[in-house]
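Structural description and commentary
Read off the chains here:
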Amino acid sequence: MNMEFRQAKLDNGLTIIAEVNPAAASMAAGFFVRTGSRDETPEVSGVSHFLEHMMFKGTPRRTAFDVNREFDAMGANYNAFTTEENTVYFGAVLPSFQTGLLDLLGDMMRPALRREDFNVEKNVILDEIARYEDQPRFRVYERLMGQHFQGHPLANSILGTTESVRAMKLEGMQDYFDRRYSPGNVLAVGVGQVDFTPFVDKVAEMCASWPSYEVTRATAPFAGTKTRTIVADRKVNREHIGLMSPAPSGQDETRFAAQLAATIVGDEAGSRLFYALVDPAIADEASMAYDPMDGAGAFLTFISADADRAAQALQIAQAEFRKFMDEGPSDQEMRAAKNKIASSATLKGELPMGRLTAVGFDWVYRKEYIPLARQIEMLFDVTRDQVMEVVRTHDLASPTVLTLGPLENL
Amino acid sequence: MAEKFFIKELPNGLTLLGQQMEHVASAAMTFVVPAGSAHDHSEAAGSAAVACEWVLRGAGDRSTRQLNEALDSLGCQHDENVQSEHLAFSAAQLGRNLADVLAIYADIILRPRLEDATFEPCRELTLQDLSSLEDEPARKCMLMLREKFYPYPLGRCVYGTAESLRALTAQTVRKHLAAHFSARGSILSIAGNIDWNAFCDLAETFFGPWPSRPQKPPKAVPNAPGVTHEKKESAQTHIALAYRTVPISDRRYYAARMAETVLSGGMSSRLFTEVREKRGLAYHVSTRYHSLKKHAGLFTYAGTRPDVAQQTFDVTLHELRRLVEGIEPDEMDRARTQLKSALVMQGESTPSRSSALAGDWYHLRRLRSLQELSDAIDKVTVDEVLGYLREFPPEDFTVLVVGPENIDTHQAYGA
């Protein structure tokens with residue numbers, strides 16, 4: 001596959017990048033805004049995510065229905081998501097719709113924020129909060145982030161609470177938008193069968209008039225609180241356990257070693273936690289992920305077990321962490337994990353939608369483009385010692401722990 | 001672009017399918033075996049689910065650990081899935097590793113160890129899967145709906161019941177495997193960066209000796225429509241309803257898919273517009289087509305706050321019924337574009353393609369090209385969709401409500 005990287009910058013600071021793959025059957029485009037719940041003040045908790053919904057509600061020249069209708073009329077596969085630190089709007093279409101897609105996405109980035117839409121959509125957000133309330137695993141994630149990062153902006157909830165969303169005012173949202181959606185804080189990304197010159201022209205047509213202003217973010221490093229919290233809820237059937245330890249940030253060169261560590265210790269099958277917990281059926285789920293963030297990072301482990309085996313499961317997981325810090329991985333584990341990660345990246349990379357976030361986030365976090373083949377080389381260059389080093393430096397075995405389920409003590 | 005399809009049946013009845021794709025390094029494989037959960041004896045419900053775990057616990061010369069190591073070292077991304085009619089094994093990797101992966105799957109399918117010592121954890125994990133459903137009310141709601149909707153036992157929950165799982169023995173599950181792991185009735189499909197002739201030679205070597213067993217479809221007893229309320233102190237009320245449609249092999253299939261897309265294809269679809277956009281009743285509302293070989297349904301789900309559950313149900317039901325009254329030309333156009341665009345995008349993915357090949361063969365005994373699908377979608381007229389809707393009207397619903405309180409559903413049942 002012959003991929004070509006292209007970039008351009010508008011005078012107001014908006015950056016445009018593309019990984020052009022002439023052999024692809026489709027193209028995808030996204031606007032990556034470097035903003036999320038960590039950039040919120042407590043009185044507008046949940047505004048990043050609520051605003052993401054409102055961006056689909058129309059512009060001065062489009063109604064909400066126009067936005068939806070136009071996406072569907074292009075046969076687009078489209079959506080948006082909000083995390084603690086990014087808000088991303090994206091769509092994939094057949095290449096002939098490139099200009100139409102950019103016209104729509106670009107226009108959406110300057111929303112009308114109409115009051116009647118705001119009031120209706122508030123109910124949708126409240127329902128979304130209720131929807132996650134019925135998912136113990138999500139509740140564990142949200143509360144664990146809050147505990148581990150207590151006192152740091154990464155502790156902020158993405159959805160906010162029923163109370164904070166109910167109390168939210170349109171003016172507060174408008175103010176947040178005006179602080180965060182400056183062109184210098186927005187990245188336009190294209191992947192797949194992109195025609196780059198018209199791509200840049202169209203983005204310029206849509207975005208060049210946006211006024212530019214300074215946007216800041218606090219990115220203090222944070223070691224985590226290493227606290228232990230038991231949330232008893234008898235409506236929950238099983239015990240859901242979350243463990244979080246510090247890990248390299250999205251800017252850190254040891255991130256490949258961290259990814260290997262998470263795969264070896266906690267991939268869903270064939271990992272140390274799999275053999276220690278799932279293979280003998282002590283837990284039905286035990287998996288670890290590495291989450292690189294802006295100036296911080298986390299190893300995040302989820303375990304789900306019968307309540308009467310939860311204490312045992314937690315003990316075993318922590319013993320596995322300790323053992324991995326002491327011994328490090330075997331050569332066989334290194335080989336298998338590298339092949340697993342490389343194969344998964346290759347498969348994802350064959351679809352424009354699969355490459356979009358990878359290409360976008362490489363730029364958001366490090367202002368760099370790394371071709372997939374180079375990334376795989378960097379992964380294969382990681383040594384056993386580097387993997388051991390990364391878990392020792394970040395003290396994998398002293399996590400913040402949070403459990404949710406029927407148990408009151410653990 | 002014209003696809004390169006390949007079809008071959010081995011003398012023992014195993015069907016091999018292939019599609020060669022340009023510009024990809026990966027090759028995906030789908031292996032479906034006619035040992036799905038509908039074949040479980042009712043007192044041994046859950047056998048297929050336990051079997052699906054168990055066959056991965058060591059096979060041929062390899063222990064569980066060696067098996068995982070071998071697949072991982074080949075960069076094999078695999079998944080095992082229990083369905084009503086089949087166990088489905090899928091594996092995606094670089095094309096150059098396909099041959100080695102196939103050799104391992106020959107062990108998994110033909111020579112699983114099925115040791116007594118590994119049986120207990122597999123049964124235990126299935127019991128835990130069952131109990132996990134209590135913490136996933138949306139999923140539980142859809143599984144229960146499927147069970148009530150399809151003729152029994154075609155939609156039965158694949159995990160069985162706590163009683164049936166506790167009663168299960170290693171011997172029962174071994175019998176399930178012996179009876180239903182059969183060359184005839186199984187389909188092995190590959191798509192991507194493949195060498196078809198080399199693959200056929202290997203498949204013949206590995207699977208040529210695999211015997212066939214007589215396969216008969218499970219006896220299915222129709223379910224009556226009706227309402228079930230599962231009381232649960234959940235934050236949302238989960239509402240699901242299903243009604244009958246045509247299976248994939250029916251000539252009205254494309255009309256049914258167009259109806260589904262107008263109702264729920266994108267954010268401009270009727271359900272999304274009326275339930276979420278105009279009224280803010282639910283974050284998620286959707287209708288999905290699902291087909292078994294001879295039975296199919298349109299399944300609608302909405303998760304909603306309990307105080308507006310009744311209104312959500314009423315608006316949803318109204319939209320399902322209103323479709324029969326007419327469809328605007330621009331709605332038809334959007335639905336066509338959406339369905340065709342999705343085809344092209346899925347056509348770029350090797351796992352989607354290998355799974356689509358196996359699906360086509362199972363349902364139709366032939367493979368459909370992108371062109372054929374696209375032409376068929378182009379040809380459907382509004383009158384055909386409305387004609388289909390009159391033959392298969394949104395009536396006789398099976399309804400499932402999981403939540404703190406029930407809702408009034410009497411209007412779902414005729415005048």
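Given the structure is predicted, the values throughout are model-derived calculations rather than measurements.

**A short note on the overall build of chain B**
Secondary structure assignment for chain B yields 15 helices and eleven strands. Taking 22 Å as the expected radius of gyration for a compact globule of 415 residues, we find that chain B reaches 22 Å, a close match to that expectation. If you line up chain B on its principal axes, its C-alpha atoms span 60 × 55 × 35 Å. Sequence separation of at least 24 residues holds for 82% of the intrachain contacts in chain B that already meet a minimum separation of 6. When the accessible surface of chain B is summed, it comes to about 16400 Å², and 50% of that surface belongs to carbon and sulfur atoms. In chain B, the 46 positive side-chain charges and the 53 negative ones have mean positions that sit 3 Å from each other.

**Remarks on the state of the cysteines**
All names here are of chain B. Under the criterion given, the structure shown has zero disulfides over all chains. Looking at the unpaired C76, the closest cysteine sulfur is the one in C52, lying at 14 Å. Taking the relative accessible area as the measure of exposure, C76 reaches 3% and is therefore buried.

**A short note on the interface of chain A and chain B**
With 63 residues of chain A at the contact, the number on the chain B side is 60 residues. In this structure, the connection of chain A to chain B is made through five salt bridges. Note that D72(B) is salt-bridged to K340(A), the shortest N-O span being 3.1 Å. The interface formed by chain A and chain B includes 35 residue pairs in polar contact (both at pLDDT 80 or more). Listed by contribution, the elements that provide at least two residues to the side of chain A that touches chain B are α2 (64-73), β6 (77-82), β7 (87-93), α4 (115-133), α10 (272-278) and α12 (331-349) of chain A. If one sorts the elements of the side of chain A that touches chain B by residue count, α4(A) sits on top with ten residues. In the side of chain A that touches chain B, the residues fall into 30 nonpolar, 16 polar and 17 charged.

**Side note on the packing of helix α2 (residues 64-73) of chain B against helix α3 (residues 98-110) of chain B**
For any two helices packed against each other, one specifies the inter-axial angle together with the distance between the axes. Residue and element names in this part refer to chain B. Where α2 meets α3, the closest approach of the two axes is 10 Å, and the angle between their N-to-C directions is 150 degrees. As far as their axial angle goes, α3 and α2 are roughly antiparallel. As α2 runs across α3, the sense of the crossing is left-handed. Along the contact surface, α2 presents L67, A70 and L71, while α3 presents I104, Y105 and I108. Across the contact of α2 with α3, the residue classes break down as six nonpolar, no polar and no charged.

**A few points about the confidence of the model for chain B**
Interpretation of this model should avoid reading the predicted coordinates in detail wherever pLDDT is low. For chain B, per-residue confidence averages 96 on the pLDDT scale, and 99% of positions sit at 70 or higher. Per the prediction output, this complex has pTM 0.96; the corresponding ipTM is 0.94.

**A look at α2(B)**
Buried residues of α2(B): T64(B), L67(B), N68(B), A70(B), L71(B) and D72(B), and no others. Phi turns positive one or two residues past the end of α2(B), at G75(B), with a value near 65 degrees.

**Some remarks on unusual backbone geometry**
Residue Y152(B) is joined to P153(B) through a cis peptide bond whose omega torsion reads 10 degrees. Summarising the element assignment, P153(B) is placed in the loop between α5 (137-149) and α6 (162-167). For D395(A), which is not glycine, the phi dihedral falls at a positive 50 degrees. Relative to the assigned elements, D395(A) resides in the loop between α15 (384-393) and β13 (400-405).

**Some remarks on the sheet that holds strand β11 (residues 398-403) of chain B**
Residues and elements named next belong to chain B. Spatial ordering of the open sheet is given by β7-β11-β8-β10-β9, a layout of five strands whose pairing is mixed. Here the strands that pair on one side only, and so sit at the sheet edges, are β7 (226-231) and β9 (284-291). Taking the axes of each pair of neighbouring strands and ignoring which way they run, one obtains an average angle of 15 degrees across the sheet. In terms of strand pairing, strand β8 (residues 237-245) meets β11 through five bridges, oriented antiparallel. The residue bridging A240 from the neighbouring strand is L400, located in β11.

Cut-offs applied
- Residues numbered from 1 in each chain as written.
- Chains lettered and ligands numbered in written order.
- Predicted model: local features only at pLDDT ≥ 70, side-chain atom pairs only at ≥ 80, totals over all residues.
- Heavy atoms only, no water.
- Helix = DSSP H or I, 4+ residues; strand = E, 2+ residues; numbered from the N terminus.
- Rg over C-alpha atoms; globule rule 2.2 N^0.38 Å.
- Contact = heavy atoms within 4.5 Å.
- Areas by Shrake-Rupley, 256 points an atom, 1.4 Å probe, with all protein chains shown as cover.
- Lys, Arg positive; Asp, Glu negative; His and termini not counted.
- Charge placed at Lys NZ, Arg CZ, Asp CG, Glu CD.
- Disulfide = S-S within 2.5 Å.
- Buried < 20%, exposed > 50% of the residue type's maximum accessible area, 1.4 Å probe, protein only.
- Salt bridge = Lys/Arg side-chain N within 4 Å of Asp/Glu carboxyl O.
- Polar contact = N/O pair within 3.5 Å; in protein donor to acceptor, adjacent residues only side chain to side chain.
- Nonpolar A, V, L, I, M, F, W, Y, C, P; charged D, E, K, R; others polar.
- Axes fitted to C-alpha atoms, helices over the stretch in contact; angles between N-to-C directions.
- Parallel < 35°, antiparallel > 145°, perpendicular 65-115°, else oblique.
- Left-handed = near helix turned anticlockwise from the far one by under 90°.
- pLDDT = per-residue confidence, 0-100.
- Pairing = 2+ DSSP bridges.

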